[in-house]
Amino acid sequence: QKFTSDSRIVAEIGDFSSTACLAAQPIYDRAGMVQLSPTASHPNFAPGSQWSFGIVGTQAGEGPFMARYAVQRLAKKRLAVLHINNDWGIVSKDLFVKAAKELGAEVLAIEAYFETEKDFTGVLTKLRGLKPDLLYIPSFYNEAALIHKQREKLGWTDVAMMGPGSLYSPKLLEIGGDSVNGLYTSAVFFPNDLRPEVQKFVKGFEAKYKTTPNMFAAVAYDAVNLLADVIGRVGPERKAIRDGLVAVRGFPGVTGKITFTERRDVLKDYRHLIISKGEFALYDK
């Protein structure tokens, strides 16, 4: 409300996460201000308002991609799911489970946790007893690191671990240590991509922050550049910015070319990743 009531502010980049974006959406919609989210992947976000745009791709694309990764690429057929209990976690779980079942996998159990939870020993023990060959964890890196450490402490080492691109962060490696080795995930951005725009971004980011950018840094960078490009062409007027974003075709982002669909979200190409020897690497087996 503070942003939308200030006439100097012509658009917003944010919020972080689908849950926050969906909560804020009605305010931007009523005010007629662009809400450009770098990270909202809930399929209902962008279609919820003509002023809302998402550039990270949606779980409608990533969920089935991860299911194919698990069932077809890794040949895992007995699956369990442990997901964060928010809007994003629920839809991530739903779309992965639906696609996995359609591919012939058996989903043995689905368990949820709240963001404040720190002890996963009980639910991990319960899931272990079902003997899945893969545990899918739609979560963020803090909880994922704790899940991995506690799984390792329990001695549960005969299960494959997988989660969506939300886990692609150096912080997961830092917090999880050796326990996250072998985790399968995905990414719309990989710093070893040889495209000139990617290498320019990675080198500039590393020079300034002394660390390699993760996916969240990349989509934020794309959001700022995209909005600046549109404002540079149409001017700093709220409706003109909205119309300019609708018309975007093939903007060269570091996370891939950006073209908005009729739903005002984008279709992304995902990469198969694995954590190997403490680093994210392309899974090419």
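Q: Account for the nonpolar core, naming residues and giving values.
A: Counting 83 residues, the largest nonpolar core has Leu-82, Phe-96, Leu-135, Met-162, Leu-226 and Phe-260 as its most contacted members. No other element matches helix α8 (residues 215–234), which puts nine residues into this core. Other than its neighbours up to four places away in sequence, Phe-260 contacts Leu-36, Phe-53, Gly-54, Ile-55, Leu-226, Leu-245, Val-248, Arg-249, Asp-265 and Val-266.

Q: Kindly report on unusual backbone geometry, identifying the contributing residues and their values.
A: Geometrically, the link from Gly-14 to Asp-15 is a cis peptide bond, its omega value of 0 degrees lying close to zero. Structurally, Asp-15 can be placed in the loop between β1 (11–13) and α1 (18–31). A positive phi angle, near 55 degrees, is found at Lys-131, a position not held by glycine. Examined against the element boundaries, Lys-131 turns out to sit in the loop between α4 (121–128) and β6 (134–136). At Lys-277, a position not held by glycine, the phi torsion is positive, near 55 degrees.

Q: Pulling in residues and values, what's your account of the packing of aromatic side chains?
A: What the rule picks out here adds up to 16 aromatic pairs. Look at Phe-189 and Phe-201: their rings are 5.8 Å apart centre to centre, the planes differ by 65 degrees, and that puts the pair in the edge-to-face class. With a gap of twelve residues between them, Phe-189 in the loop between β8 (184–187) and α7 (196–209) and Phe-201 in helix α7 connect regions that are remote in the sequence. What makes Phe-201 buried here is its relative accessible area of 5%. Through a chain of ring-to-ring contacts, the aromatic side chains of Phe-189, Phe-201, Phe-205, Tyr-209 and Tyr-221 assemble into a single cluster.

Q: Give me the packing of helix α2 (residues 59–73) against helix α3 (residues 87–102): which residues, what numbers.
A: Axis angle and axis distance: for two packed helices, these are the angle between their axes and the distance between the axes, and together they describe the pair. The geometry of α2 relative to α3 is characterised by a closest axis approach of 8 Å and an angle of 45 degrees between their N-to-C directions. In this view, α2 runs oblique relative to α3, as classed from their interaxial angle. The element α2 and its partner α3 pack so that their crossing is right-handed. Across the interface between the two elements, Gln-59, Ala-60, Gly-63, Pro-64, Met-66, Ala-67, Ala-70 and Val-71 from α2 touch Trp-88, Val-91, Ser-92, Leu-95, Phe-96, Ala-99 and Ala-100 from α3. Taken together, the residues that form the contact of α2 with α3 break down as twelve nonpolar, three polar and no charged.

Q: For helix α5 (residues 141–154), give the residues involved together with the corresponding values.
A: In this model α5 runs 20 Å from its N-terminal to its C-terminal C-alpha over 14 residues, within 8% of the 20 Å that 1.5 Å per residue would give. Buried within α5 are the following residues: Glu-143, Ala-144, Ala-145, Ile-147, His-148, Gln-150 and Arg-151. Buried residues in α5 make contact with β4 (78–84), β5 (106–113), α4, β7 (160–162) and α6 (170–176). Of the residues one or two after α5, Gly-155 is the one with positive phi, at around 80 degrees.

The rules we used
- Residues numbered from 1 in each chain as written.
- Predicted model: local features only at pLDDT ≥ 70, side-chain atom pairs only at ≥ 80, totals over all residues.
- Heavy atoms only, no water.
- Core = buried A, V, L, I, M, F, W, Y, C linked by side-chain atoms within 4.5 Å.
- Buried < 20%, exposed > 50% of the residue type's maximum accessible area, 1.4 Å probe, protein only.
- Helix = DSSP H or I, 4+ residues; strand = E, 2+ residues; numbered from the N terminus.
- Contact = heavy atoms within 4.5 Å.
- Phe/Tyr/Trp six-rings, centres within 6.5 Å; stacked < 30°, edge-to-face > 60°.
- Axes fitted to C-alpha atoms, helices over the stretch in contact; angles between N-to-C directions.
- Parallel < 35°, antiparallel > 145°, perpendicular 65-115°, else oblique.
- Left-handed = near helix turned anticlockwise from the far one by under 90°.
- Nonpolar A, V, L, I, M, F, W, Y, C, P; charged D, E, K, R; others polar.
- Expected span 1.5 Å × (residues − 1).

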